[in-house]
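# Coordinate inspection notes
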Amino acid sequence: MVACFSVIGTSAASARVIYVKILVDEEERTRRDVWQIRLKQRLDRASEIINEYCDIQFALSEFGVWQSDNRETQINRSLREFEQEVEVAPAQIAIGFTSQYRFRKGINGLGGTRGPLHTHILIREASPNTQEPERLEALVHELGHFLGAAHSGNPKSVMRPIIANGLTRYNGSPIAFDRRNAKILQLVGTEVSALGLQKFHQLSDLTRRRLLVEYKGLAAELPQDPAAKQYIRYLHRRARQPTSTSQLRLPVAPQGRQRSTSAPR
């Protein structure tokens, strides 16, 4: 069951505005006004970072609450549940912040989505060891995946596979994209903002060829990571079968660290 109870009006600037529905599950423990302010500010800051690389802005459409299944123990299956329960319209993306899962010592996944321009993103919110800088990075990372970004071997990139490692919290490092993913955001963002691209299979042939160059470079940086390789297959599959779907795997972090979200299967 989903309850939506607040609609926020925003004005579009020169950039293409993508409207976002923000939801928490019933496990959220803070007051409604507290989590609304926290997540609205996080989305605004993430949008500012993304907008530095492409002509895209993310704006809040409305808030909501959904009932997550407490019997579920796998976040990728919770993502499927979130997709089934939460209607995206009138927004273009629904981002769920779930407090159902408690981080454990060892392997943890921060969240996931199913591919570029996919309508649903799910992020784990409750963790005593994850602070706002890492949570902001997780959101920027996921919005990067939304715009086609893949995992990078650059240890300072927001698209590195492990993001909750204290880089922004302790070192004060800016949240930034590596060179290859910056190019990807520019290419995809241009087609979204200028051409109204809504589905990844609608990419122009020229952009598709340019993206393949960047994905191959990212795959060479992280030969053991499946993300960029899957994006390469994804583009080839989309070219052959425009109506096919793609499923992405949630990556797993090494012991003691929390990994970023939504690497492909």
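Residues numbered from 1 in each chain as written. Predicted model: local features only at pLDDT ≥ 70, side-chain atom pairs only at ≥ 80, totals over all residues. Heavy atoms only, no water.

### Quick notes on the overall build of the protein chain
Worth spelling out the cut-off: A run of DSSP states H or I qualifies as a helix once it reaches four residues; a run of E qualifies as a strand once it reaches two. Both are numbered from the N-terminal end. For every residue, the accessible area (1.4 Å probe, protein chains only) is compared with the maximum for its type, and the residue is labelled buried under 20%, exposed over 50%, or partly exposed between those bounds. When checking whether two residues touch, look at their non-hydrogen atoms; a contact exists if any pair is within 4.5 Å. Per-residue and other accessible areas follow the Shrake-Rupley method at a 1.4 Å probe size, with only the shown protein chains counted as cover for residues.
The helix and strand inventory of the protein chain stands at 7 helices and 8 strands. Across the 265 residues in the protein chain, those meeting the buried criterion constitute 58%. Considering only residue pairs separated by 6 or more positions, the protein chain has 72% of its internal contacts joining residues 24 or more positions apart. Only carbon and sulfur atoms are counted for the fraction: they give 48% of the accessible area of the protein chain, which is about 12,000 Å².

### Some words on the confidence of the model for the protein chain
Threshold: The score called pLDDT rates the predictor's confidence residue by residue, from a low of 0 to a high of 100.
The predicted model of the protein chain has a mean per-residue pLDDT of 82, with 76% of residues at 70 or higher. Summarising per-element confidence for the protein chain, the mean pLDDT is lowest in strand β8 (residues 258–259) (48) and highest in helix α1 (residues 32–51) (97). For the stretch residues 6–13, pLDDT sits under 50, and the model shows 15 contacts to residues farther than four places along the chain or on other chains. Contacts of residues 242–258 to residues separated by more than four positions or lying in other chains number 62 contacts, the stretch itself having pLDDT below 50.

### Description of the pattern of salt bridges
Heads up, the rule is: Any Lys or Arg side-chain nitrogen found within 4 Å of a carboxyl oxygen on Asp or Glu counts as a salt bridge.
With the rule as written, the count across this model stands at 15 salt bridges. Across the pair R114 and E83 runs a salt bridge, and its minimum N-O distance is 2.8 Å. Of this pair, R114 sits in the loop between β6 (111–113) and β7 (120–124) while E83 sits in helix α2 (residues 75–85); the two residues are 31 residues apart in sequence, bridging distant segments of the chain. Judged by its relative accessible area of 9%, R114 falls in the buried class. With relative accessibility at 13%, the residue E83 sits in the buried group.

### A few points about the nonpolar core
Stated formally: Throughout this description, the term nonpolar core refers to a set of buried Ala, Val, Leu, Ile, Met, Phe, Trp, Tyr and Cys residues connected via side-chain atoms within 4.5 Å.
Of all hydrophobic cores here, the largest spans 53 residues; its most connected members are F58 and Y215. Judged by nonpolar contacts, the second largest core, of 9 residues, contains W66, F82, V86 and V88.

### Quick word on the packing of aromatic side chains
Here is the rule we go by: When two rings of Phe, Tyr or Trp (its six-membered ring) have centres within 6.5 Å they constitute a pair, described as stacked for plane angles under 30 degrees, edge-to-face for angles over 60, and tilted for the intermediate range.
A complete count under the given rule lists 6 aromatic pairs for this structure. The interplanar angle of 75° and the centroid separation of 5.1 Å between the aromatic rings of Y53 and F177 together place this pair among those described as edge-to-face. With a gap of 124 residues between them, Y53 in the loop between α1 and β3 (56–66) and F177 in the loop between α4 (167–171) and α5 (179–195) connect regions that are remote in the sequence. With relative accessibility at 22%, the residue Y53 sits in the partly exposed group. We classify F177 as buried; its relative accessible area is 8%. Considering the side-chain rings of F200 and Y234, the 5.6 Å spacing of their centres and the 40° angle between planes classify their relative orientation as tilted. With F200 in the loop between α5 and α6 (205–221) and Y234 in helix α7 (residues 227–240), the pair connects residues that are 34 residues apart, well separated along the chain.

### Looking at unusual backbone geometry
Of the consecutive residues A89 and P90, the connecting peptide bond is found in the cis state with omega at 10°. On the secondary structure map, P90 appears in the loop between α2 and β4 (93–98). Although it is not a glycine, L117 sits at a positive phi angle of roughly 60°. Of note, L117 is situated in the loop between β6 and β7.

### What to know about the packing of α5 against α6
Spelled out, the test is: Axis definition: a line fitted to C-alpha atoms, limited for helices to the stretch in contact. Angles are taken between N-to-C directions and run from 0 to 180 degrees. Roughly parallel means an angle under 35 degrees; roughly antiparallel means over 145; roughly perpendicular covers 65 to 115; every other angle is labelled oblique. Take the far helix as the reference: if the near one is turned anticlockwise from it by less than a right angle, the crossing is left-handed, and if turned clockwise, right-handed. Residue polarity is assigned by list, with Asp, Glu, Lys and Arg as charged and Ala, Val, Leu, Ile, Met, Phe, Trp, Tyr, Cys and Pro as nonpolar; anything else, Gly included, falls into the polar class.
Where α5 contacts α6, the two axes come as close as 10 Å, and the packing angle between them is 155°. Taken together, the axes of α5 and α6 lie roughly antiparallel to each other. Crossing hand, α5 versus α6: left-handed. Of α6, the residues touching α5 (which contributes R180, N181, K183, I184, L187, V188 and E191) are T207, R210, L211, V213, E214, Y215, G217, L218 and E221. Here the residues of the contact of α5 with α6 are counted per class, giving 7 nonpolar, 3 polar and 6 charged.

### Focus: the environment of R233
Note the cut-off: Pairs of N or O atoms within 3.5 Å make up the polar contacts considered here, provided that, within protein, one atom can donate a hydrogen while the other can accept it, and that residues adjacent in sequence are counted only when both atoms are side-chain atoms.
Considering the arrangement of structural elements, one finds R233 in helix α7. With 21 residues separating them in the primary sequence, R233 and L212 have C-alpha atoms 9.6 Å apart. At 3.0 Å, the side chain of R233 and the side chain of Q230 are in polar contact.

### A look at the packing of α1 against helix α3 (residues 132–146)
Relative to each other, α1 and α3 sit at 55°, their axes nearing to 9 Å. Regarding the angle of α1 to α3, the classification is oblique. Judged by the twist between their axes, the crossing of α1 over α3 is right-handed. In this structure, α1 uses R38, R42, L43, R45, A46, I49 and I50 to contact α3, whose residues at the interface are E132, R135, L136, L139, V140, L143 and G144. Within the contact of α1 with α3, the residues separate by chemical class into 8 nonpolar, 1 polar and 5 charged.

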